[in-house]
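Listed below are the residues making up each chain.
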Amino acid sequence: MSAPSPAIDPGPAEPRLRIEDLDVRFATDGGQVHAVDGVSLTVEPGEILAVVGESGSGKSVTARSVLGLLPETAEASGSILVTGTDVVGLSGKRLRTLRGEDVSMVFQEPSSALNPVFPIWWQMGEGLRAHDPKITKKQIRAKAIEALTAVGIPDPAERIDRYPHEFSGGQKQRIMIAMALALGAELIVADEPTTALDVTVQAEILALLRDIRDRFGTSIILITHNMGVVADLADTVAVMRSGKVIERAPVRELFASPQQEYTRELLAAVPHLGRRSAWSTLEPAQQQALEVAAPVVEAQGLVIEYPGRLGRPAFRAVKGVDLSIRAGEVYGLVGESGSGKTTIGRAIAGLERTAGGSLRVLGTEMRGVKERDVKPLRRRIGFVFQDPATSFNPHLTIGECIAEPLVVHARDLSARERTAKVEELLEAVELPGAYRGRYPHELSGGQRQRVSLARALVLGPELLIADEPTSALDVSVQATVLDLFRRLQEELGFAALFISHDLAVVDTLAHRIGVLLRGELVESGHGPEVLQDPQHPYTRRLIASLPVPDPVEQARRREAYAEQFGARD
Amino acid sequence: MSPDRSSGPDPEGATTQVAAPSGEDAPSTPARREKRTGGGLGRYILVRFLLIIPTVFILMTVVFFLMRITGDPITAALGGRLTPDQLAERRAEAGYDRPLFIQYLDYLGGVLRGDFGTTYSDRQPVSRILLEYGGATAELVLYGVIVALLIGVPLGMIAARVRDRWGDLALRVFAILGYATPVFFVGLLLKLVFSVGLGWLPVAGRISTRGELTMGTILNPSPFYLLDALRLGDLSLLWDVLSHAILPAIALGLLTGGIFLRLVRTNMIGTLEMPYVDSARSRGVAEGRLTTRHALRPALIPIITVMGMQIAMMLGGAVLTETTFEWNGLGFMLAEYMAARDYVAVQGIVMMLAVIVAVSNFVVDVIAALIDPRVRY
């Protein structure tokens with residue numbers, strides 16, 4: 001690594017960014033939307049400011065207006081001073097000069113923020129060329145290599161000729177950061193930079209951002225909804241709600257003594273790893289009862305393969321997994337993207353063929369099972385999908401969606417009985433009965449996921465499979481949906497497979513946790529056992545990578561992480 | 001029972017997808033990219049090329065049997081004019097009384113030797129017709145594609161850029177008119193204005209009579225007039241060939257150009273909204289360049305695939321264009337031989353059209369691979 005150049009310049013104390021009384025309105029078909037309402041913020045050189053809030057709070061709009069990246073329908077007023085230049089009202093060449101050179105942006109989804117059809121060096125060169133038309137190809141490549149080295153891309157001289165799809169998600173995000181560095185931006189706006197990444201990769205990107213700040217004195221605005229990320233990285237936090245900054249404080253102060261009710265609620269809604277473990281909340285008698293209950297799902301040496309392209313070997317997504325879910329038990333399956341957790345869930349629901357081993361679901365062997373034997377099984381299994389936005393037929397009302405399984409599996413029910421059942425379930429998921437006649441698009445994400453749950457439970461299943469049911473939701477909404485899930489599970493006593501990438505979420509719900517790594521179950525046990533005494537190095541890394549929403553504790557964890565897995569630099 | 005606290009295999013290096021930064025110095029040698037992607041691309045092109053063979057074989061088989069469902073070529077051509085006895089004699093002579101499968105093998109054998117049979121109506125070897133007129137059609141389709149691209153890509157880009165304003169609206173109406181107006185109507189209109197009215201361009205044909213005479217002096221003439229004109233280096237001859245091509249190319253190109261325009265517009269609107277365009281914008285790249293470079297190339301990927309299919313449509317359009325402009329190509333001849341009920345000729349021509357489609361799809365696949373690095377595997 002190159003030598004650190006502490007660049008927090010001791011010069012004039014002018015902030016890198018001063019937003020004053022920013023107002024952004026959007027003209028939409030439904031009238032004007034006031035997205036940002038009188039926001040004032042400053043960011044000092046070398047400061048990391050986290051702007052937190054839930055979806056629709058105006059945090060992303062604020063961030064984008066710093067680069068003048070608002071759509072044409074937006075109207076901004078107030079002032080945004082980036083190293084002395086006002087961005088509001090700036091256009092054309094002067095705005096372009098500012099973009100990249102003074103302030104640069106890192107996007108949420110690194111896969112779509114890089115152009116798939118151009119090599120990396122070319123894309124890095126576009127920014128450089130925009131600021132210096134006379135720059136030669138040789139100079140561009142030299143700068144690109146330098147920047148990629150600084151963000152820890154191995155073998156940059158060879159890899160600048162590669163295309164984005166040849167890099168992993170974390171590497172793509174590193175490349176995005178390198179692009180900001182190559183242009184010499186002193187302010188980086190990072191819009192949810194780690195949301196799309198796995199937790200172990202997230203830890204590395206957060207470390208990189210901190211490292212960039214330390215070495216180059218770069219100021220960072222971090223837009224995020226993840227309180228753990230805030231606790232890990234931020235110096236100062238601004239909490240946004242409905243377009244306003246409602247609270248702004250140094251990070252430790254904010255977490256220790258939040259002044260606003262909303263901030264307190266927000267913090268309380270964040271699941272904290274190791275607190276409130278579902279297994280620990282059970283009475284010893286309940287624990288014992290679970291230990292001896294009959295298994296509902298039993299997998300032994302389960303293998304699931306996806307056929308390869310013509311003439312290529314099949315892809316083995318699940319490689320010999322042993323697991324069992326007992327009646328009344330919630331089994332949490334944790335793993336990163338591509339670990340095979342969704343595949344296992346689908347196989348249990350009979351949506352995926354097994355290629356080896358054995359999988360018994362509710363007494364039926366799924367290996368080589370015939371479709372007509374799966375059907376009676378399906379009415380005993382409920383399924384909740386990840387994305388509430390796409391798992392509903394947009395042409396059916398909520399009532400019809402919930403009643404659909406009844407139509408398929410319980411034909412002897414009269415229309416009136418069906419309606420009664422639908423209303424009963426809507427009540428169970430805490431939605432007004434009048435929602436029966438609404439369409440999915442009229443509901444919020446959280447409400448849709450409640451309907452999803454109602455639909456999964458309508459047949460009174462013995463087993464519920466929930467695949468990342470809350471990962472598309474805001475934290476406070478997630479908390480209420482998880483509470484609902486917990487309550488319904490206790491009341492109805494169904495067994496559940498809860499699939500998630502978030503260990504903290506899983507721990508609050510699942511009695512037993514299994515950790516998947518590339519199709520293999522590397523660890524399983526009761527929540528507290530797995531979290532407090534992880535046996536497998538991967539589990540240890542997973543736990544250590546997950547930032548907790550407490551800056552003091554997180555700083556300690558970060559040091560422990562550095563000790564255990566080696567710090568960068 | 002599942003074994004609790006099981007321990008998996010060696011997790012080293014498996015714990016993260018992102019390679020840790022290496023402590024070593026980066027190698028300073030320039031990258032050898034050509035070698036790396038070249039291998040993948042070369043393999044891809046080879047595989048695609050070899051796939052033409054089974055495609056053509058299947059097409060040939062299907063065409064052969066479809067043509068025979070209605071009977072043999074002799075009955076078709078001479079059916080009402082000979083007595084049944086005479087007919088049977090002629091059929092036996094030509095071998096059409098043998099089992100169909102044997103005839104099929106015989107036909108295949110002939111094709112492998114480059115012998116597609118002889119036409120009934122004018123006793124020409126089919127292979128000669130294919131070569132001569134196939135070249136004319138390929139030339140026309142090529143011009144048509146060029147015109148379609150010249151119309152569709154820039155205008156589609158402009159429409160996407162000024163989306164939902166009146167310029168966009170006008171271009172969209174133009175596009176609809178382009179592909180909704182029948183080719184022969186556009187052709188007649190063009191002829192009326194530019195040939196008959198203004199007298200700028202020739203009315204019909206591929207070349208003037210004088211040009212044809214000059215062409216006749218060339219040794220080993222190719223089926224492509226443009227190529228031969230270039231080889232002779234005769235500028236007036238070149239203009240002769242090109243001026244004959246302009247109106248048919250526009251008539252045919254408008255049809256597909258309208259479709260390209262809509263496709264480019266839709267896809268560009270999609271890519272202009274992609275985060276990577278915003279990402280480049282956030283680094284100071286100018287709007288014009290965002291449109292012409294950053295958004296255009298990814299937008300072309302789906303278009304190129306559709307283009308392959310469009311070429312098949314264009315061949316259909318070429319039949320009409322050729323008839324309108326008396327362009328002596330396969331379409332023109334196909335109409336003639338159909339009228340003469342000459343099945344041997346028709347079978348050969350249909351096959352040739354299929355081969356043109358298969359080959360142009362191959363070319364399209366190669367272009368797609370050149371544009372989209374993810375295709376190369």
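Every chain is numbered independently, its residues counted from 1 as its sequence is written. For naming, the first written chain is A and the first written ligand is 1, with later ones following in the order written. Whole-chain, interface and lining totals are the exception, using all residues; otherwise, since this is a predicted model, local features are given only for residues with pLDDT of at least 70 and side-chain atom pairs are given and counted only at 80 or more.

## Structural notes on the overall build of chain A
And then number 1: Strands here mean DSSP runs of E at least two residues long; helices mean DSSP runs of H or I at least four residues long; both are numbered from the N terminus. Each helix and strand in chain A was counted, giving 22 helices and 20 strands.
And then number 2: Relative to the 2.2 N^0.38 estimate, which gives 25 Å for 569 residues, the radius of gyration of chain A is 26 Å and therefore close to what a compact globule would have.
And then number 3: Judged by the C-alpha coordinates and their principal axes, chain A covers about 75 × 50 × 50 Å.
And then number 4: Looking at the 569 residues of chain A, the share that counts as buried comes to 51%.
And then number 5: Contacts are defined on C-beta atoms placed from the backbone: any two residues whose C-beta positions lie within 7 Å are in contact. Here the analysis covers contacts within chain A between residues at least 6 apart in sequence; of these, 69% occur between residues at least 24 apart. Only C-alpha atoms enter the radius of gyration; for comparison, a globular chain is expected to reach 2.2 Å times N to the power 0.38, where N is the number of residues. Here the C-beta atoms are placed from the backbone, and a residue counts as buried if at least 20 other C-beta atoms lie within 10 Å of its own, exposed if 12 or fewer do, and partly exposed otherwise.

## Some remarks on the nonpolar core
And then number 1: Working definition: the nonpolar core is a set of buried Ala, Val, Leu, Ile, Met, Phe, Trp, Tyr and Cys residues, joined through C-beta atoms within 7 Å. Core analysis: the biggest nonpolar cluster contains 247 residues, and L49(A), A178(A), L222(A), V230(A) and F498(A) have the highest contact counts within it.
And then number 2: Apart from residues lying up to four places away in sequence, L49(A) is in contact with L41(A), V43(A), I221(A), L222(A), A234(A), T236(A) and A238(A).

## Some remarks on the environment of R374(B)
And then number 1: As for its position among the elements, R374(B) is in the segment after α14 (343–371).
And then number 2: Those residues within four positions of R374(B) in sequence are excluded, and the remaining contacts are P116(A) and H165(A).

## Quick word on the pairing of strand β10 (residues 244–250) of chain A
Across a regular strand the side chains alternate sides, sitting on one face of the sheet and then on the other.
All names here are of chain A.
And then number 1: Pairing of strand β9 (residues 236–241) with β10, which is carried by 6 bridges, proceeds in the antiparallel orientation. Looking across to β10, one finds that V237 is bridged to A249.
And then number 2: With antiparallel pairing between neighbouring strands as the criterion, β9 and β10 make up a hairpin whose turn holds 2 residues, including S242 at a positive phi of roughly 40 degrees. Note: two strands are recorded as paired if DSSP finds a minimum of 2 bridges between them.

## Details of the sheet that holds strand β1 (residues 17–28) of chain A
Neighbouring strands of a sheet are bound in pairs by backbone hydrogen bonds; such pairs are parallel or else antiparallel.
All names here are of chain A.
And then number 1: Taken together, 4 strands build an open sheet; the order of strands is β2-β1-β4-β5 and the sheet is antiparallel. Each edge of the open sheet carries a strand with a single partner, namely β2 (31–43) and β5 (85–86).
And then number 2: Bridge count between β1 and strand β4 (residues 74–82): 8 bridges; the pairing is antiparallel. Its bridge partner lying in β4, E20 is registered against S79.
And then number 3: To obtain each axis, a line is fitted to C-alpha atoms, and for helices this fit is confined to the stretch in contact; angles are then taken between N-to-C directions over 0 to 180 degrees. Along the sheet, helix α1 (residues 59–66) contacts β1, β2 and β4; its crossing angle with β1, the most-contacted strand, is approximately 115 degrees.

## Here's the deal with the packing of helix α12 (residues 287–325) of chain B against α14(B)
Residue and element names in this part refer to chain B.
And then number 1: Contact geometry for α12 and α14: axes closest at 9 Å, N-to-C directions at 175 degrees. In terms of their interaxial angle, α12 and α14 are classed as roughly antiparallel. The residues of α14 that touch α12, namely those facing R297, L300, I301, I304, T305, M307, G308, I311, A312 and L315, are L353, I356, V357, S360, N361, V364, I367, A368 and I371.
And then number 2: A class-by-class count of the residues in the contact of α12 with α14 yields 14 nonpolar, 4 polar and 1 charged. Should an angle fall under 35 degrees it is called roughly parallel, over 145 degrees roughly antiparallel, and 65 to 115 degrees roughly perpendicular, with every other angle called oblique. Gly counts as polar in this scheme, as do all residues outside two lists: the nonpolar Ala, Val, Leu, Ile, Met, Phe, Trp, Tyr, Cys and Pro, and the charged Asp, Glu, Lys and Arg.

## What to know about the sheet that holds strand β11 (residues 295–306) of chain A
Residues and elements named next belong to chain A.
And then number 1: Spatially, β12-β11-β14-β15 is the arrangement adopted by the 4 strands of the open sheet, whose pairing is antiparallel. Edge positions in the open sheet fall to β12 (315–326) and β15 (364–365), since each of these has one partner strand only.
And then number 2: Relative to strand β14 (residues 356–361), β11 runs antiparallel, the two sharing 5 bridges. Residue E298 lies in a different strand from β14, and its bridge partner there is R360.

## Things to note about the environment of T73(A)
Residue and element names in this part refer to chain A.
And then number 1: With respect to the secondary-structure elements, T73 resides in the loop between α1 and β4.
And then number 2: The class of T73 is exposed, set by 11 C-beta atoms lying within 10 Å.
And then number 3: Spatially, the C-alpha atoms of T73 and Q32 are 9.9 Å apart, while their sequence positions differ by 41 residues.
And then number 4: Once residues within four sequence positions are removed from consideration, T73 is found in contact with F26 and A27.

## Details of the packing of helix α5 (residues 126–161) of chain B against α14(B)
Residue and element names in this part refer to chain B.
And then number 1: For the pair α5 and α14, the least separation of the axes is 10 Å and the interaxial angle reads 40 degrees. Judged by the angle between their axes, α5 and α14 are oblique. α5 and α14 meet at a crossing whose hand is right-handed. Of α14, the residues touching α5 (which contributes V126, I129, L130, G134 and A138) are V344, A345, G348, M352 and I356.
And then number 2: Partitioned by chemical class, the residues of the contact of α5 with α14 number 8 nonpolar, 2 polar and no charged. Crossings are classed by handedness, with left-handed meaning an anticlockwise turn of the near helix from the far one by less than a right angle and right-handed meaning a clockwise turn.

## Regarding the environment of F49(B)
And then number 1: You can see F49(B) is positioned in helix α1 (residues 33–69).
And then number 2: For the pair F49(B) and L255(B), spaced 206 residues apart in sequence, the C-alpha separation works out to 29 Å.

## A few points about helix α4 (residues 100–112) of chain B
And then number 1: With 13 residues, α4(B) should reach 18 Å at 1.5 Å per residue; the first-to-last C-alpha distance of 18 Å fits that figure.
And then number 2: Positive phi shows up at G114(B), right after α4(B), with a value of about 85 degrees. One less than the residue count of a helix, multiplied by 1.5 Å, gives the span that helix is expected to have.

## Observations regarding the confidence of the model for chain B
All names here are of chain B.
And then number 1: Per-residue confidence from the predictor is reported as pLDDT, a score between 0 and 100. Looking at chain B, pLDDT values average 78 and 89% of them are 70 or higher.
And then number 2: Per-element mean pLDDT across chain B ranges from 73 in helix α8 (residues 209–216) up to 91 in helix α11 (residues 275–281).
And then number 3: Confidence drops under a pLDDT of 50 for residues 1–38, and excluding neighbours within four residues, the segment shows 67 contacts in the predicted structure.
And then number 4: Overall fold confidence for the complex sits at a pTM of 0.78, while the interface term, ipTM, reaches 0.79.

## Some words on unusual backbone geometry
And then number 1: Positive phi, normally seen in glycine, also occurs at E192(A), with a value near 50 degrees.
And then number 2: Inspection of the secondary structure puts E192(A) in the loop between β7 (187–191) and α8 (199–216).
And then number 3: Unlike most non-glycine residues, E326(B) shows phi in positive territory, near 45 degrees.
And then number 4: Considering the arrangement of structural elements, one finds E326(B) in the loop between α12 and α13 (330–339).

## Points about the pairing of β4(A)
Residue and element names in this part refer to chain A.
And then number 1: Across 2 bridges, β4 lies against β5 in antiparallel orientation. The partner of V82 across the bridge, within β5, is T85.
And then number 2: The antiparallel pairing of β4 with β5 creates a hairpin that spans 2 residues between the two strands, and T83 there sits at a positive phi of about 35 degrees.

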